[in-house]
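Architecture and fold: a report
Listed here are the chains, written in short residue letters.
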Amino acid sequence: MSETLDPELEERLKGFFRDRLTAHRGLATLGEKLVPLGDFHRAAESHGRALSATERQRQIANYREPDRAPDRAPDRAPDRAPGRALEGAADGVPVEGPYTKVAVFGGVYNNHLGLAALLEDARRRGAEALYCLGDLGGFGPSPEKVWPLLQQGGVHTIQGNYEESLASGREDCNCGYTDPRDNHFAEISYRYTAQHCSTEFKRWMGLLPRRRRIRVGERELLLVHGSPRRINEFLFASAAPVPFLEVLCQQERCDGILCTHTGLHWHRHLPSNKDVVNVGVIGRPANDGQTHVWYALLEDRPGEPLHVEHVPLRYDHQSLAAEMRREKLPEAFVETLLTGWWTTCLEILPTRERAASKY
Amino acid sequence: MAVAESGSPSIPSIQSMSSIAPRVELRSLDTLWFQVAGTLCNLACTHCFVSCSPTNHTHEHMTLEQVEGYLREAAELGVKEYYFTGGEAFLNPQMEAILEATLRVGPASVLTNGLLLDPQRCQRLKALADASDYSLDIRISLDGYDAESNDAIRGPGTFERVLENIRHLHAVGINPVLTVTEVCEDAGSAAGKERFFALLRGLGLDKPRLKVLPVFHIGAEAERGGAYESWQRLREGEVAADDWEHLQCSSCRMVTDQGVWVCPILVNEPGGRMGEQLADTLDTFPLDHPACWTCHVEGVSCKT
């Protein structure tokens, strides 16, 4: 372990800092003054509070399960439905089902060929119900084509940030990118989708619920787009730790959470026997050099943990790529379909997911 | 229960002004910071808003045991991510053990000046990252595109030394995030970012990553670039009550060896201290420091 610098550099730094170090030696900054350390420590100790052990436990309990604590002000988190039932679902959302086996997918991104393939594949595998977690548009061609497929397929859909933005006439998709290049491509894709969606389709999007609850066997699962807190929160595997997910499940009073939004699928079975599943997306590949896309099959098997299967789904990606080129969509998007590697939206990836990507 | 105030009345404090400041709610405790190396640093950068230096003992190093205590409490509160800063984080002799403990419960990011990243340490960091389910991020500071501009802020010889250590990280497969403040001219512009991307690509990093931070006019920076003006304060009603989500203090806390502070910026402000344990600090906080004005106006988050 080397906690020291090489002597030469250290000497140079010492010379450079001598004046300022003299000024700061033994002193703390307090407001705009330099004060003796003791003054700072005394002032700091006088601020803040030290609750009793019992009160601390109560604070933590309130935080973990706010709707069970009568003395807590109503939560203003935007994605929570107003008015909660005291028993059952924490948010008053009706529970659908019960089911034994369901297919859940997200991120259609205008991929009507992928959606058609999914409807067939999921039925063939015995799914009793189909759920879509939103983001119908963006990226791919001809947005209007997915609407009849969803309706004919009897798909239960919730709103993603795309539907929210399109229905409310927002200027952007609200995907949550920070990188200018990602935003540039996001703009192209959003503008294209907005221009090619009918008013009726957008109105329908606006009426979609932001969350649903389903029963699979004995378990009550919460379905959201990004996270229970925000429609555009990213839940990536390497950045969604177990204790965090446990608290989310407890706050939402559910036995599991199903989400999408990131484009990358994963499943975490929690020590409490609950499950959090990012179901992935069927609109574009999972940044793994493979051209297929992913959805999730959830099955109740008596006496076993929730059975979660991430299903690879093949579709005619060559035809979709040809259609995208006819529609003059960016070649960067077409490349992703044909190679399985993302060319945009890379900035949002946590370190581990980024390390696994080509670009 | 709350400890009575006993500070000297001559010392200005946040809470003495708090009657006119808006208060921000903690929406969720997602990000937990550790001032793991206190205010001790092997540099004394001229723009450091916490005036860190080899002799600033305002906050001392944290021990592994202290960090583990807060990690246990953080798990109960469902913290989503952990950040470590100083001072220079790797001056803390227990830093790697602290990272190992943290990576068992969540993703970790270390903010470092990059001077102590020799090849052996880089290999150990890579091993820690590989052993975890979660991401380990290393964020390295530079403040100029070349030695001349960077070293004027960070100290002579630091530019070359940091580039060499970025190569060490890259050699073991760690892709650091370069952190630059707006002390560096044009760092926030597209052209400025591209210059840093080019610098990183030149070192062999084909997926360059960059974080640009604004300047807080406190600490050493107040001496270098000037302090805040008196009008640079938030007043009640200036911010819509439901518009707090962009403020990091609505979703973070900062732990030092002396307790829990509201955010990573105000650790040298006694009034920024909110309690001993995390459970003490789930309440609202008055946005009555000029630095709060920067966070609001610039939309700052210290997170990557």
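Residues numbered from 1 in each chain as written. Chains lettered and ligands numbered in written order. Predicted model: local features only at pLDDT ≥ 70, side-chain atom pairs only at ≥ 80, totals over all residues.

1. A closer look at the overall build of chain A
When its secondary structure is counted, chain A shows 12 helices and 13 strands. Counting across all 359 residues of chain A, residues that qualify as buried make up 46%. Counting contacts in chain A only where the partners sit at least 6 residues apart, residues at least 24 apart contribute 66% of the total. (Helix = DSSP H or I, 4+ residues; strand = E, 2+ residues; numbered from the N terminus. Buried ≥ 20, exposed ≤ 12 C-beta atoms within 10 Å, placed from the backbone. Contact = placed C-beta atoms within 7 Å.)

2. Comments concerning the sheet that holds strand E11 (residues 275-278) of chain A
Residues and elements named next belong to chain A. The strand order across the open sheet formed by six strands is E3-E7-E8-E9-E11-E10, and the pairing between neighbours is mixed. Strand pairing shows two members of the sheet lacking a second neighbour, strand E3 (95-99) and strand E10 (266-269), which therefore form its edges. Here the strands of the sheet are splayed against their neighbours by 20° on average, with no regard to which way each runs. Note: strand E9 (residues 256-259) against E11, four bridges, orientation parallel. Residue pairing in the sheet places Ile257 in a bridge with Val276 of E11. Packing against the sheet, helix H9 (residues 242-252) makes contact with strand E8 (219-223), E9, E10 and E11, and its axis sits at approximately 105° to E9. (Pairing = 2+ DSSP bridges. Axes fitted to C-alpha atoms, helices over the stretch in contact; angles between N-to-C directions.)

3. Notes on the nonpolar core
Residues and elements named next belong to chain A. In this structure, Val104 and Tyr295 are the most contacted members of the largest nonpolar core, which totals 171 residues. Excluding anything up to four places from it in sequence, Tyr295 contacts Ala103, Val104, Phe105, Leu118, Val279, Gly280, Ile282, Val311 and Leu313. Judged by nonpolar contacts, the second largest core, of five residues, contains Ala28, Leu30, Phe40 and Ala44. (Core = buried A, V, L, I, M, F, W, Y, C linked by C-beta atoms within 7 Å.)

4. Considering the sheet that holds strand E6 (residues 177-181) of chain B
Residues and elements named next belong to chain B. Taken in spatial order, the nine strands make up an open sheet running E7-E6-E5-E4-E3-E2-E8-E9-E10, and their pairing is mixed. The open sheet has two edge strands with one neighbour each: strand E7 (209-213) and strand E10 (273-275). Here the strands of the sheet are splayed against their neighbours by 30° on average, with no regard to which way each runs. Taken together, the five bridges between strand E2 (residues 31-35) and strand E3 (residues 81-85) define a ladder with parallel strand orientation. Residue pairing across strands places Gln35 opposite Thr85, the latter belonging to E3.

5. Some thoughts on the packing of helix H4 (residues 147-154) of chain B against helix H5 (residues 158-172) of chain B
Residue and element names in this part refer to chain B. Here H4 crosses H5 at 105°, and the two axes come no closer than 8 Å. If you check the angle between H4 and H5, you find them roughly perpendicular. Within the contact between the two elements, H4 uses Ala147, Asn150, Asp151 and Arg154 and H5 uses Thr158, Phe159 and Glu160. Classifying every residue of the contact of H4 with H5 by side-chain character gives two nonpolar, two polar and three charged. (Parallel < 35°, antiparallel > 145°, perpendicular 65-115°, else oblique. Nonpolar A, V, L, I, M, F, W, Y, C, P; charged D, E, K, R; others polar.)

6. Overview of the confidence of the model for chain B
Residues and elements named next belong to chain B. Across chain B, the average pLDDT comes to 90, with 92% of residues at 70 or higher. Low pLDDT, under 50, characterises residues 1-17; the stretch is placed with 30 contacts to residues that sit more than four places away or in other chains. With pTM at 0.91, the complex prediction returns an ipTM value of 0.92. (pLDDT = per-residue confidence, 0-100.)

7. Re the pairing of E10(A)
Residues and elements named next belong to chain A. Looking at chain direction, E10 and E11 are connected through four bridges and run antiparallel. Across the sheet, the residue bridging to Arg268 is Val276, located in E11. Adjacent in sequence and paired antiparallel, E10 and E11 are bridged by five residues, among which Asn273 carries a positive phi angle near 75°.

8. Things to note about helix H2 (residues 95-103) of chain B
Residue and element names in this part refer to chain B. The set of residues buried in H2 consists of Met95, Ile98, Leu99, Thr102 and Leu103. One face of H2 carries all of its buried residues, which in axial projection span an arc of 125°. Summarising the contacts, the buried residues of H2 are in contact with helix H1 (64-76), E3, strand E4 (108-112), helix H3 (119-130) and strand E5 (136-142). (Arc of directions from axis to C-beta.)

9. Digging into unusual backbone geometry
In this structure, the amide linkage connecting Gly97(A) to the following residue, Pro98(A), adopts the cis form with an omega of 5°. A cis amide bond, omega 15°, links Gly86(B) with the succeeding residue Gly87(B). Structurally, the position occupied by Gly87(B) is in the loop between E3 and H2. Backbone geometry at Asn110(A) places phi at a positive 70°, although glycine is not the residue there. Structurally, Asn110(A) can be placed in the loop between strand E4 (101-105) and helix H4 (112-124). With 31 C-beta atoms counted inside 10 Å, the residue Asn110(A) sits in the buried group. Residues other than glycine seldom take positive phi values, yet Arg253(A) does so here, at roughly 50°.

10. Brief notes about the environment of Val255(B)
Residues and elements named next belong to chain B. Its location among the elements puts Val255 in strand E8 (residues 252-256). Considering only alpha carbons, one finds Val255 and Leu115, 140 residues apart in sequence, at a separation of 24 Å. Residues in contact with Val255, not counting those within four places in the same chain, are Leu32, Trp33, Phe34, Gln35, Tyr70 and Val260.

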